[in-house]
Amino acid sequence: MSSRWVGPDGYEIVPAHVGGRQVLRVRRHGRLVADCLSVEEVARHVDLADLCELISFPGRDADVRTAAR
């Protein structure tokens, strides 16, 4: 199960690994803004209070696509 956080203006924060370190990758409209080592660094780019966590549940996406057809 993976998680990500989204905010206004196309911001998305996802966990990633860079050079053996875990970072929080900040993207805006799909473009890389920054790889942050701390939540404080993320807060320099987006207001943390505006973020919503989205959690993907295994097998759930397939059910939703099938139901939409």
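Relevant structure appears above.
Caption draft 1: Focus on the pattern of salt bridges. Applying the stated criterion across every chain, the model contains 2 salt bridges. The shortest N-O distance in the salt bridge between Arg4 and Glu12 comes to 2.7 Å. Across the salt bridge formed by Arg25 and Asp35, the nearest N and O atoms sit 2.7 Å from each other. Separated by 10 residues along the polypeptide, Arg25 in strand β3 (residues 21-28) and Asp35 in strand β4 (residues 31-36) bring together distant segments of the chain.

Caption draft 2: Up close: the pairing of strand β2 (residues 11-18). By the bridge criterion, 2 bridges tie strand β1 (residues 3-6) to β2 in an arrangement that is antiparallel. Along β2, the bridge assignment pairs Trp5 with Ile13. Linking two consecutive strands that pair antiparallel, namely β1 and β2, is a turn of 4 residues; a positive phi of about 60° is found at Asp9 within it. Both β2 and β3 contribute to a ladder of 8 bridges, which runs antiparallel. Bridged to Val14 within β3 is Arg25. Between β2 and β3, which pair antiparallel one after the other, the connecting turn spans 2 residues, and Gly19 there sits at a positive phi close to 60°.

Caption draft 3: Molecular detail of the sheet that holds β1. Across the sheet, which stays open at both edges, the 5 strands sit in the order β4-β3-β2-β1-β5 with antiparallel pairing between neighbours. Edge strands, defined here as strands with exactly one partner in the open sheet, are β4 and β5 (52-55). Neighbour-to-neighbour, the strand axes of the sheet open up by a mean angle of 35°, direction not taken into account. Taken together, the 5 bridges between β3 and β4 define a ladder with antiparallel strand orientation. Counterpart to Leu24 in the pairing with β4 is Cys36.

Rules used in this analysis
- Residues numbered from 1 in each chain as written.
- Predicted model: local features only at pLDDT ≥ 70, side-chain atom pairs only at ≥ 80, totals over all residues.
- Heavy atoms only, no water.
- Salt bridge = Lys/Arg side-chain N within 4 Å of Asp/Glu carboxyl O.
- Helix = DSSP H or I, 4+ residues; strand = E, 2+ residues; numbered from the N terminus.
- Pairing = 2+ DSSP bridges.
- Axes fitted to C-alpha atoms, helices over the stretch in contact; angles between N-to-C directions.

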